[in-house]
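Commentary on secondary and tertiary structure
What follows is each chain in one-letter form.
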Amino acid sequence: METPDSDRNLFVIKNFLKEYLDLRKDKDDELATVESIRKGVEFKGANLWILIFAIFMASLGLNVNSTAVIIGAMLISPLMGPIMGVGLSVGLNDFELMKRSLKSFLITTLFSVTTATIFFIVSPVAEGQSELLARTSPTIYDVFIALMGGLAGVVALSTKEKGNVIPGVAIATALMPPLCTAGYGLATGNLIYFLGAFYLYFINSVFISLATFIGVRVMHFQRKAFVDKNREKKVRKYIVLIAVLTMCPAVYLTVGIIQDTFFESSANKFINEQLAFDNTQVLDKKIQHTANGHEIRVVLIGEEVPEASIAIARSKMADYKLENTKLVVMQGMNYESVDISSIRAMVMEDFYKNSEQRLVEQTKKIASLEKDLERYRTFDGLSKALVPELKVLYPSVRSLSLSHAIEMTVDSMRTDTVLLAVMKFGKQPDAAEKAKIAEWLKARTGTGSLKLITE
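The present account deals with the structure reproduced in this document. The shown structure was predicted, so the numbers you read here are calculated from the model rather than taken from an experiment.

1. Quick look at the sheet that holds strand β4 (residues 397–408)
Read from one edge of the open sheet, three strands run β4-β5-β6, paired in mixed fashion. Looking along the sheet, the strands with just one partner apiece sit at the ends: β4 and β6 (450–454). Across the sheet, the mean angle from the axis of one strand to that of its neighbour is 20°, orientation sign disregarded. Sheet topology note: the strand β5 (residues 415–425)/β6 ladder contains five bridges and is parallel. Paired with M423 across the bridge in β6 is T454. Across the sheet, helix α15 (residues 431–445) is in contact with β4, β5 and β6; its angle to β6 comes to roughly 135°.

Structure below.
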């Protein structure tokens, strides 16, 4: 049974959420939002040339492994328009907009891949760099990034102050690099690179469109009305059919990505927990998850691990949901299957980790030294400020020196920090005057522990 207090609390929470999460407060004119997305759909003339130049830039950035150039190219690229147009058309039941958006999407994809292929054919650098090879294997994180980025994009476009969200979405979802990598795959005859990169581009595009559709429906955009109801039903059927045909491969591929992600996570956990032997290190590992079979291939270096220990590890694979996975453990360096590039990558990773740790330690040490130096500067400035006052209060004073000192009690070995004040006088003050000077110095320096030495 609900009480008045619970009703009041529920009312307060609803009001709070409505106040801070209501999208309608900043919503721009709906027609203006739809028109801005429609304008981005068309790819003719200047828009297409901008895309071509941006693809050249991104390909060059991937070729020379320059992240800055790739980001710049993504900022220039107008690729988001047709993709968001597809999502908008589904949300508004606008079949004409869907046809235009899909047409523009196919044209931009074709021109992008063709441009990238031409670039890599004539490029003198044929070796794949890390930035380029990273675009050949999509993960579940790419799906979430595309979905969240698409939602951020459609919400931003629907507000009065649109800001710079769309360029950020273009960078985060990384639509251009996979297209360039697909071109690289065609130029070098590597079908795996082409399919992997195009797969990533397709997944990103579908989930950005899906996010746009969700945003349009959540914000209750006015759907297209038809005078002829039969035509409206027919159009709606076409839209649903096209949406389903587009989403089915994406859903199938996404399920595969999720399975791969879980498998790799379990395999890495198994390697870290069950193949961590004393005086032995995992030099290289390969995790293969294919329709033909699953395999974990590990290369160990160091003391030889007995076969019995490996058998025990193999018997625990079922605990990690790796029942149908083959475990291959190789020891030593005389194996053709050892991936030298992986070894080099691991060595460089360790080097960077050690360098980063050393840099952190040096930063801490510098900060500590700067703190000590600042303390000495404080004492120097404090001494200069106190000397004129001392001359007035105690004319016989000749010099003043202030410093921090560590005082250690011999019996208890307890340490304490004290402020040490050394003063020289022309005429030595008596005990009462010394006590007054000490109290005055404590008040002026703001310290609770002070030792006064007079000469």
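2. Points about the environment of K316
Its location among the elements puts K316 in the loop between α13 (307–315) and β3 (325–331). The sequence separation of K316 and F270 amounts to 46 residues, and the corresponding C-alpha distance is 8.6 Å.

3. Structural notes on the packing of aromatic side chains
One pair of aromatic rings is described through two measures. These are the centre distance and the angle between the planes. One pass over the full model with this rule turns up eight aromatic pairs. Taken together, the ring pairs in this structure connect F56, F119, F120 and Y184 into an aromatic cluster.

4. As for the nonpolar core
Among the nonpolar cores identified, the biggest contains 48 residues, and L79, M84, L88, L175, M176 and I208 are the most heavily contacted of them. Sort the elements by how many residues they give to this core and helix α11 (residues 191–218) lands first, with eight residues.

5. Side note on the packing of helix α3 (residues 46–63) against helix α4 (residues 67–76)
Look at α3 against α4: their axes get within 8 Å of each other, and the N-to-C directions meet at 165°. In terms of orientation, α3 lies roughly antiparallel with respect to α4. The way α3 lies across α4 gives a crossing that is left-handed. For the pair α3 and α4, the contacting residues are I50, A54, M57, A58, G61 and L62 in the first and V69, I70, G72, A73 and I76 in the second.

6. Quick notes on the sheet that holds β3
Spatially, β1-β2-β3 is the arrangement adopted by the three strands of the open sheet, whose pairing is mixed. Whereas interior strands pair on both sides, the edge strands pair on one side only; in this sheet they are β1 (280–289) and β3. Averaged over neighbouring strand pairs, the angle between their axes works out to 15° when direction is ignored. The pairing of strand β2 (residues 294–302) with β3 spans seven bridges and is classified as parallel. Bridge pairing in β3 places V299 opposite M330.

7. Some details on a nonpolar patch on the surface
The grouping of I13, F16 and L17 at the surface amounts to a nonpolar patch, some 290 Å² of accessible area in total. Residue position: F16 is located in helix α1 (residues 4–21). The partly exposed category is assigned to F16, whose relative accessible area is 49%.

8. Considering unusual backbone geometry
Residue K321 is not a glycine yet carries a positive backbone phi of 60°. Judged by relative accessible area, K321 falls into the exposed class, the value being 70%.

9. Digging into α15
The end-to-end C-alpha distance of α15, which contains 15 residues, comes to 21 Å, matching closely the 21 Å that a straight helix rising 1.5 Å per residue would cover. Where α15 is concerned, the buried positions are I437, A438, W440, L441 and T445. In an axial view of α15, the angular spread of the buried residues amounts to 165°, which keeps them on one side of the axis. Exposed side chains of α15 directed beyond 90 degrees from the buried face belong to A432, K436, E439 and A443. Positioned one or two residues after α15, G446 has a phi angle of 75°, which is positive.

The rules behind the values
- Residues numbered from 1 in each chain as written.
- Predicted model: local features only at pLDDT ≥ 70, side-chain atom pairs only at ≥ 80, totals over all residues.
- Heavy atoms only, no water.
- Pairing = 2+ DSSP bridges.
- Helix = DSSP H or I, 4+ residues; strand = E, 2+ residues; numbered from the N terminus.
- Axes fitted to C-alpha atoms, helices over the stretch in contact; angles between N-to-C directions.
- Contact = heavy atoms within 4.5 Å.
- Phe/Tyr/Trp six-rings, centres within 6.5 Å; stacked < 30°, edge-to-face > 60°.
- Core = buried A, V, L, I, M, F, W, Y, C linked by side-chain atoms within 4.5 Å.
- Buried < 20%, exposed > 50% of the residue type's maximum accessible area, 1.4 Å probe, protein only.
- Parallel < 35°, antiparallel > 145°, perpendicular 65-115°, else oblique.
- Left-handed = near helix turned anticlockwise from the far one by under 90°.
- Patch = residues over 30% accessible without salt bridge, like charges linked within 9 Å, V, L, I, M, F, W, Y side chains within 5 Å.
- Areas by Shrake-Rupley, 256 points an atom, 1.4 Å probe, with all protein chains shown as cover.
- Salt bridge = Lys/Arg side-chain N within 4 Å of Asp/Glu carboxyl O.
- Expected span 1.5 Å × (residues − 1).
- Arc of directions from axis to C-beta.

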